[in-house]
Amino acid sequence: MPWSRDEMAARAARELQDGFYVNLGIGIPTRVVNYIPAGMKVALQSENGMLGMGPFPYEGEEDADLVNAGKQTITELPYSSYFSSADSFAMIRGGHIDLSILGAMEVSETGDLANWMVPGKMVKGMGGAMDLVAGVKRVVVAMEHASKEGASKFKPRCELPLTGANVVDMIITELAVFARPDRKSPFRLIEVAPGVSAEEVRARTSAKFVS
Amino acid sequence: MTTSSSKIYADARSALAGAVQDGGTIMAGGFGLCGIPENLIEALRESGVRNLTAISNNAGVDDFGLGILLKTRQITKMIASYVGENKEFERQYLSGELQLEFNPQGTLAERIRAGGAGIYGFYTKTGAGTLVQEGKETRVVNGDTYVLETGLVADVALVKAWKGDTEGNLVYRKTARNFNPMMATAGRITIAEVEELVEAGELNPDHIHTPGIYVSRIFQGKDYRKLIEQRTVRKRDAA
């Protein structure tokens, strides 16, 4: 039985460590906040200039000056701080963020990531994604195993324009988890969803990986 | 006390007067609609100045922020990192009416910071191996490829701050800060609109985010709409 989106988020949350500074992308990664283990301290960084993102506000307490990278209203925590966009990306690019969890359209077997553009169809801009994958210590992708057309999104080479080359460390899909010990090594299949076999994963994945 | 060197203006229109010509380059602060110089953008629209190159992280929404200058076709080129919230933008880009240069957000922020700081260029890993690298010098250091990106300046920087004083010192509020501080340094003329304009001496020098040296013109803004793009809330637990 494939994992649900929430189960994928919960799995991604297992990559968090106490004291981590983390950046979460839009989509499935935002659900990770609901699965931070009790008692674990994780500080969330928002690329638009905040460290220590709090939850959404109560109705009536929204503040137009306090939004996250997805332009959603959020709140502060006691340890929050604010800074400019240049300082925010210095933090990101300078390797100070421990973990980035984001979505993907394609990931290659050598860890290339494509998640910002579909030529001719979706050309909205890359935002902060390229800086994140270039600078953050560890990059975890949470994505569906296959595209709408049924093609494996974990593939030999990305065909869409890249967000980064050789930047992905772990991939979590609804079927399986792939990870590699470093960026010179191939991905290894390390977990499968309940009831899903390694053979099934192999059949449904076009990328080469080790098991 | 106002002197001939006073930076204080009555409103956006008078602050903007004579600062931008047709074909000029402007920078506008803000992240989405958060921290945008609302009054100055409206004044720019009213001025009718055309053929502008606009540098901003986003393009507003169709009917607010920089989006209103796209509707009037006053902007002919944009340098931005993400324009997804603006359908008119996408339409003009796909039809060739608008030139667009995407910069990664961190690269854009650092280009503007560098421009104001006298740094010609800098090498960054961001965008190495992607479309962003095309046409640019690169350097390989310890096996990593870095891309040379150059500093950006503008004829006019339009900045929004929370408080400012008569010397042009500025203080920002929360995530409305974003691109404003760097842009303040990178405009040949920087015009700041603030929610509250106070006398020099009222702001704590230790807490000033942008020293007044960077600000040529300042005025107290009005009628801020401060629109929220995604109003997300959580439920209170049952009492």
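Above this text is the structure in question.
Notes on the structure follow. (Residues numbered from 1 in each chain as written. Chains lettered and ligands numbered in written order. Predicted model: local features only at pLDDT ≥ 70, side-chain atom pairs only at ≥ 80, totals over all residues. Heavy atoms only, no water.)

## Notes on the packing of helix 2 (residues 85–93) of chain A against helix 5 (residues 105–116) of chain B
Here comes step 1: Axis separation between helix 2 of chain A and helix 5 of chain B bottoms out at 9 Å; the angle between their running directions is 125°. Our classification of the angle between helix 2 of chain A and helix 5 of chain B gives oblique. Of the two possible hands of crossing, helix 2 of chain A and helix 5 of chain B adopt the one that is left-handed. Contacts between helix 2 of chain A and helix 5 of chain B pair Ser85, Ala86, Phe89 and Arg93 of chain A from the former with Gln105, Gly106, Thr107, Ala109, Glu110 and Arg113 of chain B from the latter.
Here comes step 2: A breakdown of the residues in the contact of helix 2 of chain A with helix 5 of chain B according to their chemical character gives 3 nonpolar, 4 polar and 3 charged. (Axes fitted to C-alpha atoms, helices over the stretch in contact; angles between N-to-C directions. Helix = DSSP H or I, 4+ residues; strand = E, 2+ residues; numbered from the N terminus. Parallel < 35°, antiparallel > 145°, perpendicular 65-115°, else oblique. Left-handed = near helix turned anticlockwise from the far one by under 90°. Contact = heavy atoms within 4.5 Å. Nonpolar A, V, L, I, M, F, W, Y, C, P; charged D, E, K, R; others polar.)

## Notes on the interface of chain A and chain B
Here comes step 1: Taken together, the contact between chain A and chain B spans 46 residues of the former and 50 residues of the latter.
Here comes step 2: The largest per-residue losses of area from chain A upon contact with chain B belong to Tyr58, Asp65 and Lys71 of chain A, which jointly make up 20% of the total buried on that side.
Here comes step 3: Our count for the contact surface shared by chain A and chain B stands at 7 salt bridges.
Here comes step 4: One salt bridge in this structure joins Lys226 of chain B and Asp65 of chain A, with 2.9 Å as the shortest N-O distance. (Buried area = accessible area lost by both parts, 1.4 Å probe. Salt bridge = Lys/Arg side-chain N within 4 Å of Asp/Glu carboxyl O.)

## Points about the sheet that holds strand 6 (residues 138–141) of chain B
Residue and element names in this part refer to chain B.
Here comes step 1: Read across the sheet, 3 strands follow the order 5-7-6 without closing on themselves; strand pairing throughout is antiparallel. Two strands lie at the open edges of the sheet, namely strand 5 (121–124) and strand 6, each paired on one side alone. Adjacent strand axes in the sheet meet at a mean angle of 30° when their direction is disregarded.
Here comes step 2: By the bridge criterion, 4 bridges tie strand 5 to strand 7 (residues 144–150) in an arrangement that is antiparallel. Note on strand 7: the bridge partner recorded for Thr124 is Val147.
Here comes step 3: Packing against the sheet, helix 5 makes contact with strand 5 and strand 7, and its axis sits at approximately 155° to strand 5. (Pairing = 2+ DSSP bridges.)

Nothing here speaks to function; it is all geometry.
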